[in-house]
Amino acid sequence: GAVVSQHPSRVICKSGTSVKIECRSLDFQATTMFWYRQFPKKSLMLMATSNEGSKATYEQGVEKDKFLINHASLTLSTLTVTSAHPEDSSFYICSASGQGYGYTFGSGTRLTVV
Amino acid sequence: GESVGLHLPTLSVQEGDNSIINCAYSNSASDYFIWYKQESGKGPQFIIDIRSNMDKRQGQRVTVLLNKTVKHLSLQIAATQPGDSAVYFCAAASGNTPLVFGKGTRLSVIA
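Basis of the calculations
- Residues numbered from 1 in each chain as written.
- Chains lettered and ligands numbered in written order.
- Predicted model: local features only at pLDDT ≥ 70, side-chain atom pairs only at ≥ 80, totals over all residues.
- Heavy atoms only, no water.
- Disulfide = S-S within 2.5 Å.
- Helix = DSSP H or I, 4+ residues; strand = E, 2+ residues; numbered from the N terminus.
- Phe/Tyr/Trp six-rings, centres within 6.5 Å; stacked < 30°, edge-to-face > 60°.
- Buried < 20%, exposed > 50% of the residue type's maximum accessible area, 1.4 Å probe, protein only.
- 1 Å grid on protein atoms, 1.4 Å probe; cavity = no way out; pocket = protein on both sides within 12 Å on 5 of 7 lines; lining within 4 Å.
- Points joined across faces, edges and corners; volume = space filled by probe spheres on them.
- Nonpolar A, V, L, I, M, F, W, Y, C, P; charged D, E, K, R; others polar.
- Contact = heavy atoms within 4.5 Å.

A.B. asks: Would you take a moment to explain the state of the cysteines for this structure?
C.D. replies: One way to say it: the disulfide is the covalent bond shared by the sulfur atoms of two cysteines. Throughout the structure, instances matching the rule amount to two disulfides over all chains. Bridging Cys 23 of chain A to Cys 94 of chain A, the disulfide has an S-S length of 1.8 Å. Torsion about the S-S bond of the Cys 23 of chain A and Cys 94 of chain A cystine: about 75°, corresponding to right-handed handedness. A residue pair is termed long-range when its members are at least 10 positions apart, and Cys 23 of chain A in strand β3 (residues 19-25) and Cys 94 of chain A in strand β9 (residues 90-98) qualify at 71 residues. A sulfur-sulfur distance of 1.8 Å marks the disulfide that ties Cys 23 of chain B to Cys 90 of chain B. Its torsion about the S-S bond being 50°, the disulfide of Cys 23 of chain B and Cys 90 of chain B is classed as right-handed. Residue Cys 23 of chain B is found in strand β3 (residues 19-25), and its partner Cys 90 of chain B is found in strand β9 (residues 86-93); the two are separated by 67 residues along the sequence.

A.B. asks: When you look at the packing of aromatic side chains in this model, what are you seeing that I'm missing?
C.D. replies: The relation between two aromatic rings is expressed through the spacing of the ring centres and the mutual angle of the planes. Residue and element names in this part refer to chain A. Enumeration according to the criterion identifies eleven aromatic pairs over all chains in this entry. Residues Phe 34 and Tyr 103 carry aromatic rings whose centres are separated by 5.7 Å and whose planes lie at 40° to one another, so their mutual orientation is tilted. Within this pair, whereas Phe 34 is found in strand β4 (residues 32-38), its partner Tyr 103 is found in strand β10 (residues 101-105), the two being separated by 69 residues in sequence. The same class applies to Phe 34 and to Tyr 103, which are both buried.

A.B. asks: Would you take a moment to explain the layout of surface pockets for this structure?
C.D. replies: Empty space among the atoms becomes apparent when a probe as large as a water molecule is rolled across them. Its boundaries defined by the atoms lining it, the largest pocket holds a volume of some 1,100 Å³. The wall of the largest pocket is formed by 46 residues, among which Gln 38, Phe 39, Lys 42, Ser 43 and Leu 44 of chain A lie closest to the centre. If you list the elements that add at least two residues to the lining of the largest pocket, you get β4 and β5 (44-51) of chain A together with β1 (4-6), β9 and β10 (100-101) of chain B. Take the lining of the largest pocket: its biggest share by element is four residues, from β5 of chain A. If you add up the space inside the second largest pocket, you get close to 280 Å³. Along its surface, the second largest pocket is lined by 18 residues, and Ser 97, Tyr 101 and Tyr 103 of chain A together with Gly 95 and Asn 96 of chain B are the ones closest to its centre. Looking at the lining of the second largest pocket, the elements that each hand over two or more residues are β4, β5, β9 and β10 of chain A. For the lining of the second largest pocket, the element with the most residues is β10 of chain A, which contributes three residues. Residue composition of the lining of the second largest pocket, by class: five nonpolar, twelve polar and one charged.

A.B. asks: In this structure, what is going on with the side chain of Thr 32 of chain A? I would like to understand it.
C.D. replies: Tracing the chain through its elements places Thr 32 of chain A in strand β4. When residues no more than four places from it in sequence are discounted, the contact partners of Thr 32 of chain A are Thr 49, Ser 50, Asn 51, His 71, Ser 95, Ala 96 and Ser 97 of chain A.

A.B. asks: Can you help me understand unusual backbone geometry in this one?
C.D. replies: Residue and element names in this part refer to chain A. Backbone torsion omega between His 7 and Pro 8 reads -5°, so that peptide bond is classified as cis. Position of Pro 8 among the secondary structure elements: in the loop between β1 (4-7) and β2 (10-13). Despite not being glycine, Lys 41 has its phi angle at roughly 60°, a positive value. Using a relative accessible area of 80% as the deciding quantity, one classes Lys 41 as exposed. The residue Ser 83 is not glycine, and still its phi comes out positive at about 45°. Locating Ser 83 in the fold gives a position in the loop between β8 (76-81) and β9. With relative accessibility at 34%, the residue Ser 83 sits in the partly exposed group.

Quick look at the structure:
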């Protein structure tokens, strides 16, 4: 079946630094990647949708300059949290779709900004 | 747009009993529905899905029922086990749109 690998699973960074999260589709071509954010005991909130080779479409209220999304290949998408602050601490999850495969989720990244 | 809600935030069941988790959606154009299980600190795990041309689908110990008339979705877990304890989310999509998630129901299995 479809597998999506997300790294790192956990990251702690200092306030003001940037963090990159990778999401790879291992056995299918992901034409579309979705990035979600999840606060403790809350549901997943869509941040942005990216189609391979195109600029990402951000949801209302999500700062595109803060959350940089790159989807330059059919197997890799990255989310970079720039100039991270403690309020950016959250669980970030990617989901890939393509080649007849539905929505396959990565295992998530727990970001803690100190 | 789509909004997806869950009727109960928590559900406690005895081990061996059946569990029923309910979900309502708002967009009548939604044509694809998924149930996910999420354990603490992990990403969502696919359980079962159903398309709008069906009203029931069965998996191993799980059944999803779809009532398009009232825009309602349910997940039934047979013979609930301690390993079923988790948060369950329903999600809906229309065409290739992003999944919209419900708020989640925490299922606790009492041994």
